[in-house]
Amino acid sequence: MGQTVDFLFINAHVLTMDEQLQQFNPGAVAIKGDSIISVGSQSDLVGKYHAKETFDCRGKILMPGLINAHTHVPMTLLRGLADDLRLDVWLLGYMMPVEREFVSPDFVKLGTSLACAELSLSGVTCFADMYYFEEEVAKATAQAGLRAVCSQTVLKFPTPDAKSYEDSLAYARDFISRWKGHPLIEPSVAPHAPYTCTNEILQATSLLAQEFDVPLHTHLSETALEVENMRRETGMPVIPFVKKQGIFEAKVLAAHCVHIDPGEIRTLVHANAGISHNPSSNLKLGSGFAPVSKMLEAGLNVGIGTDGPASNNDMDMFEEIRLSAFLAKGISGDPTVLPASTALTMATRLGAKALHLGSVTGSLEPGKRADLILINLDMIHNSPRFDREPENAYASIVYAAKSTDVTDVMVNGKWIVQNRVLANLNKDDLVYGASQYSKKIDYFLIQREQSVFSKLIALGGSSEAESFEIQIKVKINNISEIVNALKNPQIDILISKHYHQHDAYFIFPDQTQGRLRYREDEAIDNKGQITSVRSRLTLLGPARENNFENDVLLSRSRYLAPATNSLRFYREYFKPSTEIFIDKDRLRWLVRYKNTEFYINLDSFEKPDLGYFLEIKSRTWSFTDATNKATLTGELILLLGGSLDKTITQDYLEVVQGEEPG
Ligand SMILES: [Zn+2]
């Protein structure tokens, strides 16, 4: 008898998924400790090895475990939370607010364990994760017995596990230094995406990844909008931009790469970057079709990923592999592109290389870790089987098999699934724990959806403005009279500005909710050119005056935030029943009169055509007696123009809370 091994798998149809795509049927695989010792025909191996345990595969497929090249495993707990939304509304309106409220070490641990159960039962032995509290992901994954690249997220905003990007970078450094060298976990750092990171973050995370020689995991060129914004802001598409920040000095794993051109593909090849193609996520979020065939032709290591279970909504790699093949054929109109063997290679050997774990896993070859699965193809949906061509086996798996046909899973030489039973996890406990979270999250969202105000707060970045103002609005006939009146020597002009203002008011069926104003201010210089644009969001209280033709002109503001998203985003997020649009040209002065500072706005309404309005705001931050202020502002109006209707002063006095000065 020859060398002693721990396991000898016999009577298997072995798909090695190696460079030559060797198959052995009947084949055998010898395992010792955590590693593969030998792979070959059964007749060769049986006499050569003395096995402590011989495992009869009964004609099943024995192949390397699948590699899920990009996911966010704890998001299993957010599966089905919000669907059929655009990426920004889904991410910024739902995922991130819920994450800010609920994501904790406990959440991450449970979500990861649930994901590991799902992944291992569907034949996945290794995955690349990106989330918060990545330490908990690593712990739960190692406990479940799976292999993973665990990437700690770094963002420019506060996250559930860090108040600042410096904190998350410090977390990442500590996490990586402690987990580096673990037999199952490859720690890593994840600058989330160029649009959620600063240049400084991209540079710092790249340096960190280089220092520890670990992968840098990120999202690149996911949507056309991302590329469009990047081009507008930097004059270049996404790949050259991140190259300039030095990220390709590290070992990059880039998810998506949907909107990239041939030049960018060449850059990725030069950088030896790994790519995760995520067909379900790209389809569900309407992101587009990644040029997978072109990337493969160029020699890129393109793996396949499910992306997070909140945008998929499952982590079934069989579905992703099939979709990858179908999409490539459908888009090109050529059924010969991306054949089954290539699709399966992407989900195994190429995926491992994309994760920069090519020497560890991804194929059944001597020296690699024993990460393997058994698939029973003797199922009704997969009968009969043909053995004439090597391609027949790949076609069976890619075009007909289901993830539930996976019967046994081994990682690092240890069983994690036997006969479809999980070795290290309790399915019932996980499902119960997840249902407890979904109840709490449902309650949170029901509360939030009850008011425009709480939905605004949930977006984050808003600030309650505490200022008070007194405001008077009057319709006037002629702007020049006011402009001339301002030349009065008793009035000091402190600041003078010119804006073009575009306002969109969201009206809700319940009037007590107030109205939300999205305002875009274009600052205009002396030559009439736009010099800068800023957008703001203001929640206005219910109208207290209805004397004007258009009642949105008088109101009380309650809340203010910089509008960092598009008008379209807010429309889809707040779902107003009606929208009113107002465009006006505004001349604005800050003046001092009798030791009191006032803002004077002269508005010329273009849409709807309301003519001219004079608006005077007293910059009085605290006040006790509204009547006195009325006298004061009334006096100013009288001073400014003889043509004003003097009776209007008292009627149109309005206390404004929260309007931003300046
Ligand atoms: Zn993702």
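Here, every reference points to the structure presented above.
Keep in mind it's a predicted model, so treat the numbers as computed, not measured.

What to know about the overall build of the protein
Here comes step 1: Counting its regular elements, the protein contains 21 helices and 26 strands.
Here comes step 2: Considering the protein as a whole, with its 662 residues, one finds that 59% of them fall into the buried category.
Here comes step 3: In the protein, of all internal contacts separated by at least 6 residues, the share reaching a separation of at least 24 is 71%.
Here comes step 4: When the accessible surface of the protein is split by element, carbon and sulfur atoms take 51% of a total near 26700 Å².

Observations concerning the nonpolar core
Here comes step 1: The biggest cluster of nonpolar side chains holds 140 residues, and the ones touching the most others in it are Leu66, Phe107, Phe248, Met295, Leu344 and Phe574.
Here comes step 2: In terms of nonpolar packing, the next biggest core, distinct from the first, is built from 18 residues, Phe7, Phe9, Ile31 and Phe55 among them.

Digging into the coordination of the zinc ion
Here comes step 1: Within the protein, His70 (NE2), His72 (NE2), His219 (NE2) and Asp307 (OD) serve as the donor atoms for the zinc ion, at 2.1 to 2.3 Å.
Here comes step 2: For the zinc ion, all donor residues lie on one chain, and their spacing in sequence is H-x1-H-x146-H-x87-D. The two residues His70 and His72 agree in class, both being buried.

As for the pairing of strand β24 (residues 596-607)
Here comes step 1: Counting buried residues along β24, 9 of its 12 residues qualify, which places the element largely inside the surrounding structure.
Here comes step 2: Pairing analysis gives 11 bridges linking strand β23 (residues 578-593) to β24, with the strands arranged antiparallel. If you follow Asp583 over to β24, its bridge partner there is Lys607.
Here comes step 3: Count of turn residues in the β23/β24 antiparallel hairpin: 2 residues, of which Lys594 carries a positive phi of about 50°.

Things to note about a nonpolar patch on the surface
Here comes step 1: Side chains of Leu283, Phe289 and Ile331 sit close together on the surface and give an oily, nonpolar patch of about 280 Å² of accessible area.
Here comes step 2: Mapped onto the fold, Ile331 is located in helix α12 (residues 317-332).
Here comes step 3: Judged by its relative accessible area of 48%, Ile331 falls in the partly exposed class.

Details of the packing of helix α2 (residues 87-102) against helix α16 (residues 427-449)
Here comes step 1: Contact geometry of α2 with α16 gives a least axis separation of 11 Å together with a crossing angle of 115°. Crossing of α2 against α16: the hand is right-handed. Contacts between α2 and α16 involve Gly93, Tyr94, Pro97, Val98, Glu101 and Phe102 on the former and, on the latter, Tyr437, Lys440, Ile441, Phe444, Leu445, Arg448 and Glu449.
Here comes step 2: In terms of residue class, the contact of α2 with α16 is made up of 8 nonpolar, 1 polar and 4 charged.

Some details on unusual backbone geometry
Here comes step 1: A cis amide bond links Ser383 to the next residue, Pro384, at an omega of -5°.
Here comes step 2: Note that Pro384 resides in the loop between β14 (372-375) and α15 (391-400).
Here comes step 3: The step from Lys607 to Pro608 runs through a cis peptide bond, and the omega angle for that step is -10°.
Here comes step 4: Among the secondary structure elements, Pro608 is positioned in the loop between β24 and β25 (611-618).
Here comes step 5: Positive phi values are uncommon outside glycine, yet Asp84 reaches one of about 60°.
Here comes step 6: Locating Asp84 in the fold gives a position in the loop between β6 (66-71) and α2.
Here comes step 7: Of note in this structure, Asp213 is not a glycine but carries a positive phi near 50°.

Here's the deal with the side chain of Asn282
Here comes step 1: The residue Asn282 is located in helix α10 (residues 279-284) in this model.
Here comes step 2: A polar contact of 3.1 Å, which involves the side chain of Asn282, links it to the side chain of His256.
Here comes step 3: In contact with Asn282, not counting residues within four places along its chain, are His256, Val258, His277, Ser287 and Gly288.

Concerning helix α6 (residues 199-212)
Here comes step 1: Between the first and last C-alpha of α6 there are 20 Å, a value that for 14 residues agrees with the 20 Å anticipated at 1.5 Å per step.
Here comes step 2: Against the buried residues of α6 lie β8 (147-154), α5 (165-179), β9 (185-191), β10 (215-220) and α8 (238-244).
Here comes step 3: Looking one or two residues beyond α6, the residue adopting positive phi is Asp213, at roughly 50°.

Brief notes about empty space enclosed by the protein
Here comes step 1: The final tally for this structure, using the stated rule, is 4 cavities of 30 Å³ or more.
Here comes step 2: In this model, the largest cavity occupies a volume close to 240 Å³.
Here comes step 3: Lining the largest cavity are 21 residues, with His72, Trp90, Leu91, His192 and His219 positioned closest to its centre.
Here comes step 4: Of all the secondary-structure elements, those providing two or more residues to the lining of the largest cavity are α2 and β7 (124-131).

Some thoughts on the layout of surface pockets
Here comes step 1: Looking at the largest pocket, its volume works out to about 1500 Å³.
Here comes step 2: Along its surface, the largest pocket is lined by 48 residues, and Leu92, Tyr195, Asn229, Thr564 and Asn565 are the ones closest to its centre.
Here comes step 3: Broken down by secondary-structure element, the contributors of at least two residues to the lining of the largest pocket are α2, α7 (224-234), β22 (557-562) and α19 (567-574).
Here comes step 4: In terms of residue count, α7 provides more of the lining of the largest pocket than any other element does, 9 residues in total.
Here comes step 5: Residue composition of the lining of the largest pocket, by class: 23 nonpolar, 14 polar and 11 charged.

Each value, and the rule that gives it
Each chain has its residues counted from 1, following the order in which its sequence is written. Whole-chain, interface and lining totals are the exception, using all residues; otherwise, since this is a predicted model, local features are given only for residues with pLDDT of at least 70 and side-chain atom pairs are given and counted only at 80 or more. The basis for the side-chain values is all heavy atoms of the structure; hydrogens and waters are excluded. Secondary structure counts use DSSP, requiring at least four H or I residues in a row for a helix and at least two E residues in a row for a strand, with both numbered from the N terminus. Summary of the burial criterion: residues with accessible area below 20% of their type's maximum are buried, those above 50% are exposed, and those between are partly exposed, where the area comes from a 1.4 Å probe applied to protein chains only. The contact rule is simple, with two residues in contact once any of their heavy atoms fall within 4.5 Å. Each accessible area is a Shrake-Rupley estimate made with a 1.4 Å probe; only the visible protein chains count as cover when residues are assessed. Definition of nonpolar core: a set of buried residues of the types Ala, Val, Leu, Ile, Met, Phe, Trp, Tyr and Cys, connected through side-chain atoms within 4.5 Å. Only nitrogen, oxygen and sulfur atoms qualify as donors, and only when within 2.8 Å of the metal (3.2 Å in the case of Na, K and Ca); with water excluded, sites may look incomplete. Pairing between strands is defined by DSSP: at least two bridges between the two strands are required. Only residues whose relative accessible area exceeds 30% and that take part in no salt bridge are eligible for patches, with like-charged residues grouped when within 9 Å of each other and nonpolar side chains (Val, Leu, Ile, Met, Phe, Trp, Tyr) grouped when within 5 Å. Whenever a carboxyl oxygen of Asp or Glu lies within 4 Å of a side-chain nitrogen of Lys or Arg, that contact is scored as a salt bridge. The axes are straight lines fitted to the C-alpha atoms, using for helices just the contacting stretch, and the angles between their N-to-C directions are given from 0 to 180°. If you view the pair so one helix is near and one far, a crossing is left-handed when the near helix is turned anticlockwise from the far one by less than a right angle, and right-handed when it is turned clockwise. Classes in brief: Ala, Val, Leu, Ile, Met, Phe, Trp, Tyr, Cys and Pro nonpolar; Asp, Glu, Lys and Arg charged; the others, Gly included, polar. Each polar contact in these results corresponds to two N or O atoms within 3.5 Å; when the atoms are within protein, one needs to be able to donate a hydrogen and the other to accept it, and residues that are neighboring in sequence are counted only if both atoms are side-chain atoms. Multiply 1.5 Å by the residue count of a helix minus one, and that product is the helix's expected span. Grid spacing is 1 Å over the protein atoms alone, the probe is 1.4 Å, and a cavity is where that probe fits but cannot get out, while a pocket is an open set with protein on both sides within 12 Å along at least five of seven lines and lining residues have an atom within 4 Å of a point. Grid points are joined across faces, edges and corners, and a volume is the space filled by probe spheres set on the points.

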